[in-house]
Amino acid sequence: MLALNPVIVLIGKVIYLVSLTIIVWAILSILLNFDVINRSSPIVMKVYGTLDRLCEPLLRPFRKLQRKLMPGLPVDLSPVIVVLLLTFLDDEMYTLFYKF
């Protein structure tokens, strides 16, 4: 039986939580933009503000890159790119350390 390194498992869980946070932020953002969720609710806006402050530092470089490579694109693809990169990083980390 293979014993997993707890540090690697912890890093994997953090990557998963960051990905989940970005997905929740993206869904909440879509729901707010289409007025499915009421913007006047203080709880919703606090949750959205917190998620925005957590996600924005990760998304900002990819938004800049997207604006430079694809100017005029009306859809923000940065959450998709970041989640895909985090998933790739997680998979590669396990492959590198455990080489199944």
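Everything that follows concerns the structure shown earlier in this document.
Rules behind the numbers
Residues numbered from 1 in each chain as written. Predicted model: local features only at pLDDT ≥ 70, side-chain atom pairs only at ≥ 80, totals over all residues. Heavy atoms only, no water. Axes fitted to C-alpha atoms, helices over the stretch in contact; angles between N-to-C directions. Helix = DSSP H or I, 4+ residues; strand = E, 2+ residues; numbered from the N terminus. Parallel < 35°, antiparallel > 145°, perpendicular 65-115°, else oblique. Left-handed = near helix turned anticlockwise from the far one by under 90°. Contact = heavy atoms within 4.5 Å. Nonpolar A, V, L, I, M, F, W, Y, C, P; charged D, E, K, R; others polar. 1 Å grid on protein atoms, 1.4 Å probe; cavity = no way out; pocket = protein on both sides within 12 Å on 5 of 7 lines; lining within 4 Å. Points joined across faces, edges and corners; volume = space filled by probe spheres on them. Buried < 20%, exposed > 50% of the residue type's maximum accessible area, 1.4 Å probe, protein only. Polar contact = N/O pair within 3.5 Å; in protein donor to acceptor, adjacent residues only side chain to side chain. Salt bridge = Lys/Arg side-chain N within 4 Å of Asp/Glu carboxyl O.

Asks: What should I look at first to understand the packing of helix α2 (residues 42-69) against helix α3 (residues 78-98) in this one?
Replies: Between two packed helices, what matters for the description is the angle formed by their axes and the separation of those axes. Two elements in contact, α2 and α3, have axes separated by 9 Å at closest approach and are oriented at 120°. Between α2 and α3, the crossing angle belongs to the class labelled oblique. In this structure, α2 crosses over α3, and the sense of that crossing is right-handed. Mapping the contact onto sequence places L58, L59, F62, R63 and Q66 in α2 and S78, P79, I81, V82 and L85 in α3. Within the contact of α2 with α3, the residues separate by chemical class into seven nonpolar, two polar and one charged.

Asks: What is the right way to look at the layout of surface pockets in this model?
Replies: Rolling a probe over the atoms, with the probe sized like a water molecule, indicates the empty space that remains. Of the voids in this model, the largest pocket is the one considered here, and its volume is about 220 Å³. Lining the largest pocket are W25, A26, S29, I30, N33, F34, P74, V75, D76, P79 and V80. The set of elements that each furnish at least two residues to the lining of the largest pocket consists of α1 (6-33) and α3. Per element, the largest residue contribution to the lining of the largest pocket is five residues, and it comes from α1. When grouped by side-chain class, the residues that make up the lining of the largest pocket number eight nonpolar, two polar and one charged.

Asks: I would appreciate a short explanation of the environment of Q66 in the present structure.
Replies: Structurally, Q66 is set in helix α2. Exposure remark for Q66: the relative accessible area of 8% places this residue in the buried category. For the pair Q66 and D76, spaced 10 residues apart in the sequence, the C-alpha separation amounts to 8.1 Å. Those residues in contact with Q66 that lie beyond four places of it in its chain are P71, L73, V75, D76, L77 and S78. Here the side chain of Q66 touches L77 through a polar contact of 3.0 Å, landing on its backbone nitrogen.

Asks: Can you help me understand the pattern of salt bridges in this one?
Replies: On inspection of all chains with the given rule, the structure shows three salt bridges. Across the salt bridge formed by R60 and E56, the nearest N and O atoms sit 3.8 Å from each other. Taken together, the residues span about one helical turn, with R60 and E56 both in helix α2 at a distance of four residues. Among the residues examined, R60 registers a relative accessible area of 40% and is labelled partly exposed. D76 is the partner of R63 in a salt bridge, and the nearest nitrogen-oxygen pair spans 2.9 Å. Within this pair, whereas R63 is found in helix α2, its partner D76 is found in the loop between α2 and α3, the two being separated by 13 residues in sequence. Judged by relative accessible area, which is 15%, R63 ranks as buried. Residue class for D76 comes out partly exposed when judged on its relative accessible area of 34%. Where salt bridges share partners, they join E56, R60, R63 and D76 into one cluster.

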